[in-house]
Structures are given as C-alpha cells and as structure tokens.
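# Observations on chain architecture
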Amino acid sequence: MTPSETKAIVTLSLLAAFVDGEKHERERAEIKRIAEGLSQADGVNLPTIYQDVLMKRVSLASVAGELKSAESRQLAYEMAVCMCDADGVQSEPERLFLMDVRSSLGLDASAAQFSQRAEDIAAAVPAAVAVTAATAAVPAAPQAPDSTELDRAILNAAILNGALELLPETLSTMAIIPLQMKLVYRIGQAHGYQLDTGHIKDFLATVGVGLTSQYLEQAGRKLLGGLLGKVGGGLLGGLGKQAVSSGMSFASTYALGHVAKRYYAGGRTLSTQMLKDAFSNVVKEGQGLQTQYLPAIQERARTLDTSQVLSLVKNA
C-alpha cells in the first residue's frame, strides 16, 4: 500500500471512532495520546489527522478517493468496523456509517458478512455475562479462590492475547479486548462478584485501558509496521520482528488480570489513583516477562486462525 492509502485507512478509522458522538472525554484523550505516540514511533503525522477528523475537515468521500487498491479498501473497511465494535455492538449511527463506507468503497456483500462476524464477537461478552449472572446459584458463603489457578489463568490469557497480536487479521486484533473483559469477569466471579459489562468497562477505563483507543493502538502499530492485512507470510514476519507490534497485549492483559485480582480480593477498596498506579507498575512487570514468554506466544500464534476467534471469545 502507498503512504496515502495508509493515511486514508487511519483517517477512516478515526472517523469511525467518533461517528456516534458518545466517546467519553477520557477516551478521546487516550485516542489523542495514541495518535501522538504512533506518530513519534512511525513518522506519520497522526495528530494532524486526529485534528482534521475532530474539526470535520475530512469527509468519507475524500478518504475513499485515496484508496486505490482493492486490498486497501477492504482493509480500511475492516478497521472501521472493528473501531465501531471495539466498545460493544454497533449503534444506529455506526451501522448507517458503515453502510455508507461500503457504498463509497464499492464493496460487495462479503463486507457486510465481515461486519456481522465483528458484531458476533462484540456481543459475545455481554451475552456470556448475562447468561452466567442469570443462572448463577446464590452462594451460601463464597470460598477463597485458588490463587495459583487464577495466576495460571492470567498468564494463559496474556499469552493468548500476545499471540492474537501477532496475527495479521483485523478480527484477531479485535478479539483481544473482549478476552480481557472475560478475564476480569472471571476474576471477579472467583471472588464472589457477579459483574456486568458496564462495571467491567468502567474498571478497564479506570486503570487506563480504553476499548476503542486500545484497538487503535494495536491495529495502528500493525498497520504502520506493514503487518496488518498481510495474510500469507504476514504471520512469519510478525513472529520474526516483534517490534512491529509493541507486545503490549501480553503486558496489558497480564496487568489487568493481576490488578483485578488484587482489587476484588481486597473488597474493591482501592482508589482510582491506586488502581492506575498499580496497573502502570504491573504493565512494566509484564513487559519484562514478555521476552521470557515470547516462545510460548509465538507457538500459540502458530495454532490460531481467524475461524477460531469467535469460539475463543465465547469459551474463554
């Protein structure tokens, strides 16, 4: 893809991120921070794109005109879909926006099928949480969870998300967020808390993990590094140069798990600042461990394909 096509894909992703007009200020700030960070890392002027989108200086028509190849149009649409689905199923403004994107890019019915697959992933966590909460028996007295077992579950989840980060498909990247949500839910449940998706999203946002912004960071790094969308050969390239993606999915999942474990074990008494500080510290620990577990991450990546993504989220 040409630099102008890459820029157009990122622009369309940001248009999708803000199309519903409901982003919390902290999510907007996080998206801006990530745009600045990606710019510094990859030499692309994303802060200018961010401002152009917020000030409505770009349009869908102008972006579509920059996407010349079939590959770039398909990838742009997929990233727009995942941006809309990163924080839950599509709202009506998002659904209408994506219909306009399909039309503007001249995509066929298979594009709508991709959108449905993304919707299925976005809906998997709320559905699982609702079913579990509705059918759960009221415990007489919650037993102390098995700390070793939880540590193992956290590490396995971190390895899986690290592996998904290496795959070139957009849906694989999107699956990381619901898997993190399921991990927090499982940890809360182990400590006697039946969490709904609203609480889980608030917990992630409190520690500093925005849903839309996290997808932008993960997919943006892969896109700018030339990995995203390169089916066939892309995986091996990703395994060979972990720097394409920051490896943050392993570290952030590891940190979310351990901070959630500390938070719910302590009766949810940690303050917002304590949660943020704890998450920041454990992320650094996770980054240190990521090199140690890289062989396991790479081996897990070799066993995954896109057809497994939905089942992974449902059965986590």
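Summarised in this report is the structure supplied together with it. (Residues numbered from 1 in each chain as written. Predicted model: local features only at pLDDT ≥ 70, side-chain atom pairs only at ≥ 80, totals over all residues. Heavy atoms only, no water.)

This paragraph deals with the overall build of the protein. Helices and strands together make up the secondary structure of the protein, namely 15 helices and zero strands. Within the protein, contacts between residues at least 6 apart in sequence are counted, and of these 81% link residues at least 24 apart. Of the roughly 13,800 Å² of accessible surface on the protein, a fraction of 53% belongs to carbon and sulfur atoms. (Helix = DSSP H or I, 4+ residues; strand = E, 2+ residues; numbered from the N terminus. Contact = heavy atoms within 4.5 Å. Areas by Shrake-Rupley, 256 points an atom, 1.4 Å probe, with all protein chains shown as cover.)

The backbone of Lys56 sits at a positive phi, close to 60°, despite the residue not being glycine. The backbone phi angle of Arg268 is positive, close to 60°, even though this residue is not glycine. If you trace the backbone, Arg268 turns up in the loop between helix H13 (248-265) and helix H14 (272-302).

This part is about the nonpolar core. Core analysis: the largest hydrophobic core is formed by 96 residues, its most contacted members being Leu12, Phe203, Leu204 and Tyr215. With residues up to four places along the chain from it excluded, the contact list for Tyr215 reads Met79, Cys82, Met83, Ala86, Thr170, Thr173, Met174, Ile177 and Gly220. (Core = buried A, V, L, I, M, F, W, Y, C linked by side-chain atoms within 4.5 Å. Buried < 20%, exposed > 50% of the residue type's maximum accessible area, 1.4 Å probe, protein only.)

For helix H8 (residues 147-166), spanning 20 residues, the distance from its first C-alpha to its last is 29 Å, which sits close to the expected 28 Å at 1.5 Å a residue. Among the residues of H8, the N-terminal cap falls to Asp146, whose side-chain oxygen and the backbone nitrogen of Thr148 are separated by 3.1 Å. (Expected span 1.5 Å × (residues − 1). Polar contact = N/O pair within 3.5 Å; in protein donor to acceptor, adjacent residues only side chain to side chain.)

For the rest of this paragraph, the subject is empty space enclosed by the protein. Enumeration according to the criterion identifies one cavity of 30 Å³ or more in this entry. Considering only enclosed or pocket space, the largest cavity measures out at about 110 Å³ in volume. In terms of lining residues, the largest cavity is bounded by 15 residues, among which Ala86, Gly88, Ala122, Pro178 and Met181 are the most central. Broken down by secondary-structure element, the contributors of at least two residues to the lining of the largest cavity are helix H7 (109-135), helix H9 (170-190) and helix H10 (197-207). For the lining of the largest cavity, the per-class residue count stands at 10 nonpolar, two polar and three charged. (1 Å grid on protein atoms, 1.4 Å probe; cavity = no way out; pocket = protein on both sides within 12 Å on 5 of 7 lines; lining within 4 Å. Points joined across faces, edges and corners; volume = space filled by probe spheres on them. Nonpolar A, V, L, I, M, F, W, Y, C, P; charged D, E, K, R; others polar.)

A word on the layout of surface pockets. Counted as a void, the second largest pocket has a volume near 440 Å³. Residue lining of the second largest pocket: 24 residues in total, with Glu30, Arg33, Gly208, Glu217 and Met248 positioned closest to the centre. Going through the elements one at a time, helix H2 (25-42), helix H11 (211-224), H13 and H14 are the ones with two or more residues in the lining of the second largest pocket. Of the residues contributing to the lining of the second largest pocket, the split by class is seven nonpolar, 10 polar and seven charged.

Turning our attention to the packing of helix H1 (residues 3-17) against helix H3 (residues 46-54). In contact at an axis separation of 10 Å, H1 and H3 are set at 45° when each is read in the N-to-C sense. The orientation of H1 relative to H3 falls into the category oblique. Note on packing geometry: the crossing formed by H1 with H3 is right-handed. On the side of H1, the interface is formed by Lys7, Val10, Thr11, Leu14 and Leu15, while H3 contributes Leu46, Ile49, Tyr50 and Val53. Class assignment for the residues of the contact of H1 with H3 results in seven nonpolar, one polar and one charged. (Axes fitted to C-alpha atoms, helices over the stretch in contact; angles between N-to-C directions. Parallel < 35°, antiparallel > 145°, perpendicular 65-115°, else oblique. Left-handed = near helix turned anticlockwise from the far one by under 90°.)

Take the packing of aromatic side chains next. Under the counting rule described, the total for this entry stands at seven aromatic pairs. With a centroid separation of 5.5 Å and 50° between ring planes, the pair formed by Tyr193 and Tyr264 is classed as tilted. Here Tyr264 lies in helix H13 and Tyr193 lies in the loop between H9 and H10, a separation of 71 residues in the sequence. In textbook terms, an aromatic cluster arises when at least three aromatic residues are bridged by ring pairs, as seen for Tyr193, Phe203, Tyr263 and Tyr264. (Phe/Tyr/Trp six-rings, centres within 6.5 Å; stacked < 30°, edge-to-face > 60°.)

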